[in-house]
Amino acid sequence: MTARGDVVITGVGVVTAAVTGDSAALGAFLAAPSVQGDGALSAGAVATLVDPTEARRLSRVCQLTIGAARIALGESGLDPGIGLGLVLGTEFGDLCSTHSFADGFLARGPAGLSALLFPNTVMNTMVATTAIAVGAREMALTLNAPTVAGELAVARAAAAVAAGRVPAMLAGGVDELDPVVERELTHLGLGAERRGEGAAFVVLEPRAAARARGAIVLGEVSAAAWRALPARPWGVGRSRRSRAIGAALRAAGARPSDVGWVYASGSRDEARDRWESQVLGAALGTKTLVSSLGQLLGRHAGLGVLRVAAAAWTARSGLLPLTNGTTRVERVRPGRGLVHGLARGGAHVALVVDAA
Amino acid sequence: MKRVVITGLGAASPYGAGVVAYWKGLSAGVCTIRDLTLIETDGFRCRIGAEVSGPLAGSTRRTRADRLAIGAAGEALADAALGTRDRRGAALVVGAVGGGMLEAEAWYWRAARDTASPATLRAVLPSAHAEALASRFGLGGPRHTVVTACSSGAIALAEAAELIADGVVDVALAGGVDAITRICFMGFNTLKLLDSTPCRPFDRERRGMSIGEGAGFMVLESEARARARRARVYATLGGHGMTTDAFHVTAPDPDGDGMVRAMRAALRQADATPTEVQYANAHGTGTLQNDRIEARALARVFGEGGLLVSSSKSMIGHTMAAAGSLEAIATVLALEHGVVPPTANLATPDPEVPFDCVAHTARAVHLTCAISNSFGFGGQNVTLLFRRGSA
C-alpha cells in the first residue's frame, strides 16, 4: 500500500529503557543519546505506565503498549470520539503469557490452566486492551512481521488516513524481551544482534484536521510503501532493487537526491545489515547518512515507530544521531528523510518523512 | 476507487483438500466435528473438533499450518490461472493466529522433560505462513500478516481489497489459516466456551463452540484487470467494514454496536440497501452470548427475518484465523450456485434469534447479494459484502 498526501504526526509516545515520554523527551534523548544497561525496562519503570488496578489485570507487554499509546494520544490532544483506529506491529506478541499458560498445564494438568492468561496468548491482545484503554473504535489491526513490524504499522495506518478511511490513527509497535526467544535466536545464529524492548506510538491524522483543531504538527509522513524482496523464509536475499523505496519516492514526488538522511533497521544482524546497506546504496547512493538506532537501543517492533518519530525530529532539527561504532550527533540538511526497514525473509518498508 | 472481484478460490477444510470437497460437504450439511486425534485431550470436558483429513500439500518439514496454507493458496492461484509473471507484483495478505504453534507446543512439552533439541522459532510466528507462501509462489508485492483473532481471515480479504481499491496493486492473494493447537483447545476449554457435543449455532440448547482448522484463500483482482484477461469472476467484493468494540477482551459488546457499525459500513461502501442483502453467513459460533448478540445486530441492520442466516461453523467448527476466509468462500459459492448452506445440528431454534437459520438442509435461492460476518476476540469485527458475478 502506498500512502500519500497530508498525513501528519501530532503525537508521539515512547516507552523504552533509555527514554520514556513524548516528542520532547525523545528529542532530548536523540540530541545527546546515551544508553546504559541491556535495553530491558525495569519493573519500576513499567509500574509507572498504568494505574495499579489496570496493572493487576494486564500483562507486562500490554502495559507497555497502553503506556506508550496514552502518551502519544495525550500529546496530540486528539479526542478518540472523532473516530480513532489503531494499528500495532509486533514480532513476538505476548509470548511470555503463552509460556506461563503452557507452564500451568505442564505443572498441574488442566487444573493449572488460567482463564485469565488465555486471551493474552492471542497476539492481538495488546491491540484489544489498548483499544479499550483509549477508546479506539474504528479499524484495529495487529501486524506480525519480523524486524519491520513497527514501520509496517505506521505505513499501514498512514495509508488508511490518506485514503480517508479513518479520521485518525494510533500507529505503534511493541515487543518485550523473552528468555525463550533470546535462547532460540542464539540457536539460529542470531545471538549477536542487539535486541531490546519497549513500545512506541505516533498519532496520524490529516493535516487539515490537525490544523482545524489547533494541534501542533510534529512532522509529515509524506509517503509510505511496503513490498517484498525475494528471499527464503528468515533468509537474506541478493536482490538490491528496492521497490518499496521506489514506490514511496514516487508517491512523494521525490527523487533519490531529495533524501537527505535515512533511519535504517540495522541492529548488528550482520548479514541482514549488509543486505540493507546494499539496498539503500542502490536506491540512494552511498553518500547518504544512515542512522541505525537499533545498534543503540536494541531492536524491537516499537523501535520501527520510534524511528519514524525520530525522523520527524531530524526533519525539524537538522540533527541526526549516528551510532556506528561510536555515538555522535551530526548536523544534516533538515527536511526530507527516509525511514527504511528490511527483514530477513524480504519484507521491507519505506516511509518518506518531512518536516511539518 | 477500483472495483474488486474474486477470480480464484482455494480451500483446505475438514472435508479435505479443495473447494469442490468443501462445497460438497457444506451444501450437503455434513458435520465434520468428531474426536480430536492431533492433540491430547485427556482430562478435558470437551474432546472434539474438526480436523482436516487426508494428505496435506507441501513438505513434511513444514508446519501443519504452512501446509494447509500452501494447499489452499496454490489452489486459488491455479483457479485464477495466475502465472509466474502475474504473481511477481501480487500482494499477499495472510490472516493467522497460531502460526506454527502446534509444532512449537510439541517442542515445548518435550523441553519441559529436557528431551528437546532447539526449536524452529522461524516457523512459529503467524508471519511465517506469508514468508512460506511468498517464497513458494513467487509473490513479490506488498506482504503483510494480520492477527485479529477469529476475524483474521476475513480482515486479510478486506486488507487485500483496500490494496486493490486504492490502486496499489491489481491483484492479490489473501486468506487465513490455522491448525488446531493445544493452546487454543485448552484455552477455550478453560473459558468453558466449548460444547462437548458438536456445536449448535442458533439452537436454544446451544452450549458453546467446537474448534476446527483449515485454510481458505482467494485471488482478488481489479475488475478491469480481470475483464482484460477474461478471467472467470465468481463475485464482486462490493464493500467491507472493519470496527472495534473497545469493550472487553473476550466478550462482545452486548449492544452489538461494533457489529452493527461493521455491517453498515460494508453496506455503505457497496452502495447497497439492507433489503438487497438476502443471506448472511454468520459468525455463528454457537456460544450463548455471541449468537444472541449477532442476531440482535443483524435485526438492527436488516430487520427481523430480513434475510436468511446460517453458520458454517456448525459443520466445520471454528477454524480460527481461517474461519473468516473459509466462510467468505462459502458465501461466494452460495451466490455462485444459488444455494444457501445450512446450519447443521439446529434442532430447536432460539426464539431470540428472529431469523430463518436454514436448519439441516441447504436451500436453493436465487442470490445476488450476501454478507459474511466475522467477529474476533477483543471485539474485532469485519463484514464482507459480496455481489454475484461481476456487478
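Before any of the text, the structure's been laid out above.
Residues numbered from 1 in each chain as written. Chains lettered and ligands numbered in written order. Predicted model: local features only at pLDDT ≥ 70, side-chain atom pairs only at ≥ 80, totals over all residues. Heavy atoms only, no water.

Counting its secondary structure elements, chain B contains 12 helices and 16 strands. Relative to its length of 391 residues, chain B is compact, with a C-alpha radius of gyration of 19 Å against a globular reference of 21 Å. Taking contacts inside chain B between residues at least 6 apart in sequence as the whole, the part at least 24 apart equals 80%. Per element, the accessible surface of chain B, about 12,300 Å² overall, is 50% carbon and sulfur. Mean positive and mean negative side-chain charge positions of chain B (39 and 37 charges, respectively) differ by 5 Å. (Helix = DSSP H or I, 4+ residues; strand = E, 2+ residues; numbered from the N terminus. Rg over C-alpha atoms; globule rule 2.2 N^0.38 Å. Contact = heavy atoms within 4.5 Å. Areas by Shrake-Rupley, 256 points an atom, 1.4 Å probe, with all protein chains shown as cover. Lys, Arg positive; Asp, Glu negative; His and termini not counted. Charge placed at Lys NZ, Arg CZ, Asp CG, Glu CD.)

The next thing to look at is the packing of helix H4 (residues 60-76) of chain A against helix H6 (residues 125-134) of chain A. Residues and elements named next belong to chain A. The N-to-C vectors of H4 and H6 enclose an angle of 40 degrees; their axes lie 9 Å apart at closest approach. It follows that H4 is oblique to H6 by the angle criterion. As H4 runs across H6, the sense of the crossing is right-handed. Facing Val-61, Cys-62, Thr-65, Ile-66, Ala-69, Arg-70 and Leu-73 of H4, the residues of H6 in contact are Thr-125, Met-126, Thr-129, Thr-130, Ala-133 and Val-134. Partitioning the contact of H4 with H6 into residue classes produces eight nonpolar, four polar and one charged. (Axes fitted to C-alpha atoms, helices over the stretch in contact; angles between N-to-C directions. Parallel < 35°, antiparallel > 145°, perpendicular 65-115°, else oblique. Left-handed = near helix turned anticlockwise from the far one by under 90°. Nonpolar A, V, L, I, M, F, W, Y, C, P; charged D, E, K, R; others polar.)

All names here are of chain B. Considering the arrangement of structural elements, one finds Asp-291 in helix H10 (residues 288-302). Judged by its relative accessible area of 0%, Asp-291 falls in the buried class. Among the polar contacts listed, one links the side chain of Asp-291 to the backbone nitrogen of Thr-285, at a separation of 3.2 Å. Dropping the residues within four chain positions of it, Asp-291 is found in contact with Pro-201, Phe-202, Arg-206, Gly-284, Thr-285 and Gly-286. (Buried < 20%, exposed > 50% of the residue type's maximum accessible area, 1.4 Å probe, protein only. Polar contact = N/O pair within 3.5 Å; in protein donor to acceptor, adjacent residues only side chain to side chain.)

Attention now goes to the interface of chain B and chain A. Tallying the contact residues gives 61 residues for chain B and 60 residues for chain A. Measuring nitrogen to oxygen at the nearest pair gives 3.4 Å for the salt bridge that ties Arg-165 of chain A to Glu-162 of chain B. If you look at where chain B meets chain A, you find 20 residue pairs in polar contact (both at pLDDT 80 or more). Going through the elements one at a time, helix H4 (101-112), helix H5 (127-137), strand E6 (143-146), helix H6 (152-165), helix H7 (182-190), strand E10 (235-244) and helix H9 (257-270) of chain B are the ones with two or more residues in the side of chain B that touches chain A. Tallying contributions element by element places H7 of chain B first for the side of chain B that touches chain A, with six residues. (Salt bridge = Lys/Arg side-chain N within 4 Å of Asp/Glu carboxyl O.)

Turning to the nonpolar core, a few remarks are in order. Ranked by size, the top nonpolar core spans 113 residues in total, and within it Leu-204 and Leu-351 of chain A together with Met-218, Leu-220 and Phe-386 of chain B carry the most contacts. For this core, the element with the highest residue contribution is helix H13 (residues 301-317) of chain A, accounting for 11 residues. The residues contacting Leu-351 of chain A, other than those within four sequence positions of it, are Glu-151, Val-154, Ala-155, Val-221, Ala-223, Ala-224, Val-308, Gly-337, Leu-338 and Val-339 of chain A. Counting 33 residues, the second-largest nonpolar core is a separate cluster that includes Val-122 of chain A together with Tyr-108, Ile-183 and Cys-184 of chain B. (Core = buried A, V, L, I, M, F, W, Y, C linked by side-chain atoms within 4.5 Å.)

Right, let's get into helix H7 (residues 149-162) of chain A. Each turn of an α-helix holds 3.6 residues, which means side chains three or four residues apart point in the same direction. All names here are of chain A. Its 14 residues give H7 an end-to-end C-alpha distance of 20 Å, which sits within 8% of 20 Å, the value for a rise of 1.5 Å per residue. Here H7 lies mainly inside the structure; 13 of its 14 residues are buried. Downstream of H7 by one or two residues, Gly-164 has phi in the positive range, about 75 degrees. (Expected span 1.5 Å × (residues − 1).)

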